[in-house]
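In case you want the letters, here they are:
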Amino acid sequence: MIKTIAGTARISTKIIKDGSVAGRDRFCKKLEDKFYNKIEQYKRSQFDYIDKNLKEILPTKLIRVEKLSLDKNIYNGFVSLATELEKTIPADVVGYFVAFKTGAKKPNFGGVSIEVLMHEIHHLFSHFTHPKFPNRTYKVSKISPENNFEKFFVEHFQSPMYPSKCRKMTEELLEKEKEHKIDLLQYFRYKLIDEISAYKSGEEYAYLHRSKHSPEAQSYFDSQIQALFLRDKLADITEMLKNALKTERENLRKQPKV
């Protein structure tokens, strides 16, 4: 039987101990703190140290760190699913790629902005501690080869687009994908929750780093979360999902019993 998420791409509840959302969040934060404290010990940094320290923290997991092209890639960093085509491991997702653009001005680590680094590190550890996230991402990626829902998310949710327009565009998409409405709403909700947490982590750790190295560091505030209206968009998606689930339950009750 092929499972969706392999043991090399998730952390067991036996290790996390508290399998609630809050418990998983706390475990994710512990991993982030551990990574940040490790990189703060270096007087000189190199890009390869990112991979080295991740593998020291999670030695039994599959992680591949890559450097993004400076001229061709629009992203400063991202985390993506790693699949095993030959199925030597009986699972669809076996690990993760984490990629960074280098060449950032100080403060940076190995050429990667501290804010971007810790943003993507949050995504990576969140995937390991919240396997529902990569599981949902994998399932949605299989819905339609014609529609790139990740691209839709970036262009609408992870952009300064106003929530009202974002909601309208999402409703138009769901009208075309009626059969997958609930799956897509759950996917967008998971993505928004994770992006809010990642932006918060990136900005908090960048502030910590600045505070240590500069006595005039500005106070932390969640600027990107506000600029992209992420909390408003999450509220809209949560409401849309709630309504969709209510309609689905009502339709199921109306079906004749066999």
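Refer to the structure presented above.
So, here's what we can say about the structure.

What counts, and at which threshold
- Residues numbered from 1 in each chain as written.
- Predicted model: local features only at pLDDT ≥ 70, side-chain atom pairs only at ≥ 80, totals over all residues.
- Heavy atoms only, no water.
- Axes fitted to C-alpha atoms, helices over the stretch in contact; angles between N-to-C directions.
- Helix = DSSP H or I, 4+ residues; strand = E, 2+ residues; numbered from the N terminus.
- Parallel < 35°, antiparallel > 145°, perpendicular 65-115°, else oblique.
- Left-handed = near helix turned anticlockwise from the far one by under 90°.
- Contact = heavy atoms within 4.5 Å.
- Nonpolar A, V, L, I, M, F, W, Y, C, P; charged D, E, K, R; others polar.
- Expected span 1.5 Å × (residues − 1).
- Buried < 20%, exposed > 50% of the residue type's maximum accessible area, 1.4 Å probe, protein only.
- Salt bridge = Lys/Arg side-chain N within 4 Å of Asp/Glu carboxyl O.
- Core = buried A, V, L, I, M, F, W, Y, C linked by side-chain atoms within 4.5 Å.

## Focus: the packing of helix α2 (residues 21-39) against helix α4 (residues 114-129)
Now for step 1: Where α2 meets α4, the axes come as close as 9 Å, and the angle between the chain directions of the two elements is 140 degrees. Put simply, α2 runs oblique to α4. Note on packing geometry: the crossing formed by α2 with α4 is right-handed. Contacts between α2 and α4 involve Arg24, Phe27, Cys28, Leu31, Glu32, Phe35, Tyr36 and Ile39 from the first element and Leu117, Met118, Ile121, His122, Phe125, Ser126 and Thr129 from the second.
Now for step 2: Taken together, the residues of the contact of α2 with α4 sort by class into 10 nonpolar, three polar and two charged.

## Focus: α2
A turn of α-helix holds 3.6 residues, and therefore any two residues three or four places apart point the same way.
Now for step 1: Taking 1.5 Å as the rise per residue, α2 with 19 residues should run 27 Å; its terminal C-alpha atoms sit 27 Å apart, in good agreement.
Now for step 2: Taken together, the buried positions of α2 are occupied by Gly23, Arg24, Phe27, Cys28, Leu31, Glu32, Phe35, Tyr36 and Ile39.
Now for step 3: Buried-residue contacts for α2 involve α1 (13-16), α3 (48-57), β5 (108-109), α4 and α8 (181-213).

## Thoughts on the packing of helix α7 (residues 163-176) against helix α10 (residues 230-254)
Now for step 1: Close contact between α7 and α10 brings their axes to 10 Å; oriented N to C, the two are set at 35 degrees. Pair α7 / α10 crosses with right-handed handedness. For the pair formed by α7 and α10, the contact residues are Pro163, Cys166, Arg167, Thr170, Glu171 and Leu174 on the first element and Asp232, Lys233, Asp236, Ile237, Glu239 and Met240 on the second.
Now for step 2: Taken together, the residues of the contact of α7 with α10 break down into five nonpolar, one polar and six charged.

## Focus on the pattern of salt bridges
Now for step 1: Evaluation of the coordinates by the stated rule reveals 14 salt bridges.
Now for step 2: Across the pair glutamate 56 and lysine 38 runs a salt bridge, and its minimum N-O distance is 2.9 Å. Linking glutamate 56 in helix α3 with lysine 38 in helix α2, this pair joins segments that are 18 residues apart in sequence.
Now for step 3: Its relative accessible area of 40% is what places glutamate 56 among the partly exposed residues.
Now for step 4: Note that aspartate 236 is salt-bridged to arginine 167, the shortest N-O span being 3.4 Å. Of this pair, aspartate 236 sits in helix α10 while arginine 167 sits in helix α7, and the two are 69 residues apart along the sequence.

## A closer look at the environment of lysine 139
Now for step 1: Residue position: lysine 139 is located in helix α5 (residues 132-141).
Now for step 2: Spatially, the C-alpha atom of lysine 139 lies 21 Å from that of serine 12, the residues being 127 residues apart in sequence.

## Describing unusual backbone geometry
Now for step 1: A cis amide bond links lysine 106 with the next residue in sequence, proline 107, at an omega value of 5 degrees.
Now for step 2: Phi is positive for lysine 17, close to 75 degrees, though the residue is something other than glycine.
Now for step 3: Assignment of secondary structure puts lysine 17 in the loop between α1 and α2.
Now for step 4: Positive phi is not limited to glycine here, since phenylalanine 229 has a value of about 55 degrees.
Now for step 5: Along the chain, the position of phenylalanine 229 falls in the loop between α9 (223-227) and α10.
Now for step 6: Given the relative accessible area of 23%, phenylalanine 229 is considered partly exposed.

## Quick look at the nonpolar core
Now for step 1: Core analysis: the largest hydrophobic core is formed by 35 residues, its most contacted members being Phe35, Ile50, Leu54, Phe100, Leu117 and Phe125.
Now for step 2: Beyond its immediate chain neighbours, meaning those up to four positions away, isoleucine 50 contacts Phe35, Val65, Phe100, Phe109, Val112 and Leu117.
Now for step 3: Membership of the second largest hydrophobic core comes to 26 residues, among which are Phe153, Leu230, Leu234 and Met240.

Geometry only, nothing functional implied.
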